[in-house]
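# Analysis of the macromolecular model
Chain residues, written in single-letter form:
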Amino acid sequence: MSAASCLRFEDHFLCSICLDVFTDPVSTPCGHNFCKNCINEHWNSDVQYPCPLCEKVFNTKPELEVNTLFSEMVSQFRQEAQQKASSSSSEQQAAKPGEVPCDVCTGTKLKALKSCLVCLTSYCETHLEPHLTTLGLKRHQLMDPVENLEDRMCMKHDKPLELFCKTDQTCVCMLCSVLDHKTHEFVPLKEEYEGKKAELGKTEAEIQEMIQKRRLKIQEIKHSVDLSKEAANREKAEGVQVFTALKKSVESGQAKLIHSIRKRQKQTEKQAEDFIKELEQEISELKKRSSEVEKLSHSEDHLHLLQNFPSLKAAPPKDWTEVSVYQSYEGTVVRVVAQLEKTLSKQMKKLIEAELKRVQQYALDVTLDPDTAHPQLILSDDGKQVYCGGVEKNLPDNPERFSDCANVLGKQSLSSGRFYFEVQVKEKTDWTLGVARESINRKGQIILKPQNGYWTIWLRNGNEYKVLAGPDAILSLKSPPQKVGVFVDYEEGLVSFYGVDTIDLICSFTGCSFTDKLYPYFSPCDNDGGGNSTPLIICPVNQTA
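Residues numbered from 1 in each chain as written. Predicted model: local features only at pLDDT ≥ 70, side-chain atom pairs only at ≥ 80, totals over all residues. Heavy atoms only, no water.

### A closer look at the sheet that holds strand β13 (residues 408-409)
- The strand order across the open sheet formed by six strands is β13-β22-β15-β16-β17-β18, and the pairing between neighbours is antiparallel. In this open sheet, the two strands that pair with only one neighbour each are β13 and β18 (473-475).
- As paired elements, β13 and strand β22 (residues 518-523) share two bridges and run antiparallel to each other. Residue pairing in the sheet places L409 in a bridge with Y521 of β22. (Pairing = 2+ DSSP bridges. Helix = DSSP H or I, 4+ residues; strand = E, 2+ residues; numbered from the N terminus.)

### Brief notes about the state of the cysteines
- Applying the stated criterion to the full structure yields zero disulfides.
- Free of any disulfide, C116 has its nearest neighbouring cysteine sulfur in C119, separated by 3.5 Å.
- Cysteine C512 remains unbridged, with the sulfur of C507 as its closest cysteine sulfur at 11 Å.
- A residue is classified by how much of its surface remains accessible, and C512, at 16% relative accessible area, is buried. (Disulfide = S-S within 2.5 Å. Buried < 20%, exposed > 50% of the residue type's maximum accessible area, 1.4 Å probe, protein only.)

### Some details on the pairing of β22
- With six of six residues buried, β22 is to be regarded as a mostly interior element.
- In this structure, strand β15 (residues 431-437) lies alongside β22, joined through six bridges in antiparallel fashion. For G434, the partnering residue across the bridge sits in β22 and is Y521.

### Side note on the pattern of salt bridges
- Evaluated as defined, the whole model comprises 13 salt bridges.
- Across the pair E192 and K166 runs a salt bridge whose closest N-O atoms are separated by 3.1 Å. In this pair, E192 sits in helix α7 (residues 189-297) while K166 sits in the loop between β8 (163-165) and β9 (170-172), placing the two residues 26 residues apart along the sequence.
- A residue is classified by how much of its surface remains accessible, and E192, at 10% relative accessible area, is buried.
- The exposure class of K166 is partly exposed, given its relative accessible area of 31%.
- Between E238 and R358 there is a salt bridge, and its shortest N-O distance comes to 3.8 Å. Here the residue E238 occupies a position in helix α7, and R358 occupies one in helix α9 (residues 332-359), the gap between them amounting to 120 residues. (Salt bridge = Lys/Arg side-chain N within 4 Å of Asp/Glu carboxyl O.)

### Structural notes on helix α2 (residues 36-44)
- Every buried residue belonging to α2 is among C38, I39 and W43, and all of these are buried. One side of α2 holds all its buried residues, which, seen down the axis, span an arc of 120 degrees. Across from the buried face of α2, at angles greater than 90 degrees, the exposed residues are N37, E41 and N44.
- Its buried side turned inward, α2 meets β1 (25-27), β2 (33-35) and β3 (49-50). (Arc of directions from axis to C-beta. Contact = heavy atoms within 4.5 Å.)

### Focus: the environment of Q76
- The topology assignment puts Q76 in helix α3 (residues 68-91).
- As for Q76 and I17, which are separated by 59 residues in sequence, their C-alpha atoms are 21 Å apart.

### Focus on the packing of aromatic side chains
- Under the defined criterion, the tally for this structure stands at eleven aromatic pairs.
- Each ring, one from F275 and one from W320, has its centre 5.7 Å from the other, and the planes form 85 degrees; the classification is edge-to-face. Highlighted residues: F275 in helix α7 and W320 in the loop between α8 (302-312) and α9, separated in sequence by 45 residues. Across this residue pair, the class does not change: F275 and W320 are buried.
- Through a chain of ring-to-ring contacts, the aromatic side chains of F419, F421 and F522 assemble into a single cluster. (Phe/Tyr/Trp six-rings, centres within 6.5 Å; stacked < 30°, edge-to-face > 60°.)

### Regarding the nonpolar core
- The biggest cluster of nonpolar side chains holds 37 residues, and the ones touching the most others in it are W431, F497 and F522.
- Of all hydrophobic cores here, the second largest spans 17 residues; its members include V21, V26, I39 and Y49. (Core = buried A, V, L, I, M, F, W, Y, C linked by side-chain atoms within 4.5 Å.)

### A few points about α7
- Given a rise of 1.5 Å per residue, 109 residues ought to cover 162 Å, and the 152 Å separating the end C-alpha atoms of α7 matches this to within 8%.
- The complete set of buried residues in α7 reads E192, V242, L246, G253, L257, T268, A272, F275, E282 and L296.
- Residues of α7 that are buried make contact with β8, β10 (186-188), α8 and α9. (Expected span 1.5 Å × (residues − 1).)

### Examining the sheet that holds strand β20 (residues 494-499)
- The seven strands lie next to each other as β11-β12-β23-β14-β19-β20-β21, forming an open sheet whose pairing is antiparallel. Only two strands of the sheet have a single partner each, and these edge strands are β11 (377-379) and β21 (504-509). Each adjacent strand pair in this sheet contributes to an overall mean axis angle of 20 degrees, direction not counted.
- Relative to strand β23 (residues 536-539), strand β12 (residues 385-388) is paired through two bridges, and the arrangement is antiparallel. In the sheet register, V386 faces β23, and the bridge partner there is L536.
- Against the sheet, α9 contacts β14 (418-424), β19 (483-489), β20 and β21, and its axis sits at roughly 120 degrees relative to β20. (Axes fitted to C-alpha atoms, helices over the stretch in contact; angles between N-to-C directions.)

### Observations regarding a nonpolar patch on the surface
- A contiguous nonpolar patch, built from L175, V178 and L179 and spanning about 250 Å² of accessible area, is present on the exposed surface.
- Among the structural elements, V178 can be located in helix α6 (residues 174-178).
- Judged by its relative accessible area of 52%, V178 falls in the exposed class. (Patch = residues over 30% accessible without salt bridge, like charges linked within 9 Å, V, L, I, M, F, W, Y side chains within 5 Å. Areas by Shrake-Rupley, 256 points an atom, 1.4 Å probe, with all protein chains shown as cover.)

### Here we look at the side chain of T367
- As for its placement among the helices and strands, T367 is situated in the loop between α9 and β11.
- Of the residues examined, T367 reaches a relative accessible area of 17% and is grouped as buried.
- The contact partners of T367, leaving out residues within four places of it in the chain, are D382, G383, K384, G410, K411 and Q412.

See below:
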């Protein structure tokens, strides 16, 4: 018997009303079989009594007969079906936590294979079979198993949610479309599903793009960490080398100091030993003379005393009054430390030179921004020089322009990373240099300090250097710089000033918190009757030799 024949044969044992295997099958006068309860309930709802299959109408309720042979066949079929279901159940897997269980299974709930949107029921493989074989059930809409099928019914009208209201962006049933949403725009769920699915595809592509960007960012961060680690290792190695050399210098200086002191002390001790030996010799001789003098002084022999007196009246002994062996060590340590300081200064010079070479790699081609310049300032055509002309030009008072102070900003800005620029200050008696944040006050009098958005140093009167840190601090420079370098590390919160020609670290602002753009800041200060007319000049950066 073919599979199709088997399916048709099994259909004979299904009640056309409940679509399940007959229970207490009975026959109508027209020869059709139904479950006893199914046909009775069907006829209880009608005035007349039609056959559900052939639609033959009986005016009076027919007598239902039991077809003994058919009933036995149904019983045998049910038994075989139960055995088959039992065998199938042993092969199928029970529903695990998180999996949708079959709604029909009694006892152990098997894993559902499909859910029916018409029956609002989930079925395992065995209980799904009627939906695959019975003509009426084949038209039902099946989908992958889902829980809470009742959520797919309209809560208000108890009808399936079949439409999508584009106006309210919600799923509705047929009754909703003609009652509560009658003026709204509707589309079938499938149409909206296709549209949303396309959007999800686009969203998925965007998400994948974001994931890819973040993966690249992770690689970038890891690479930055690797670079940072390499830089840290280099710095540690350099630091160990420097401090080893410094330690060696200190130990060498200490050894030389101790050796020098010990040598001089030994010389002192030897000199003292020689003096003591000589003094002891003189004491011995004096004791001998004393004994002879005493003996002679008791002599009664006039001639003997007079003859020996000249020999006892010898030249006076050595005068020891001014003889001293005290050794002064004052200044010994100072001289050694001074020499050590020279060594440290040379080492410091090398370190600053190496650091200056590194920061010069972040050179920025800075030009002056005429829209920010105070009206008395005169800028060169190339935007690289500025000085105070002493006469206020008629310029528009735009928000970016400084109104009272002779200041100007660079055009270039920094909101991340590092930058460096150099300014020639040669022959000037007054100037101010540094960086300023974009949001600074540019009108009226200005107090230069970090709290107001300025990180600057200045020169006044040709020899007074200050770091404007609020409170300000005087800078002691061994040599006045002719060219000043300014370096900014935005993330590190660092602003450093270098004497480029003197190879000197002038000062640094550390632990700064930058929140907006930073601009190079320049002030050539007042002309001072021509005494300070030399311009500030932004120089091209050349690697320190």
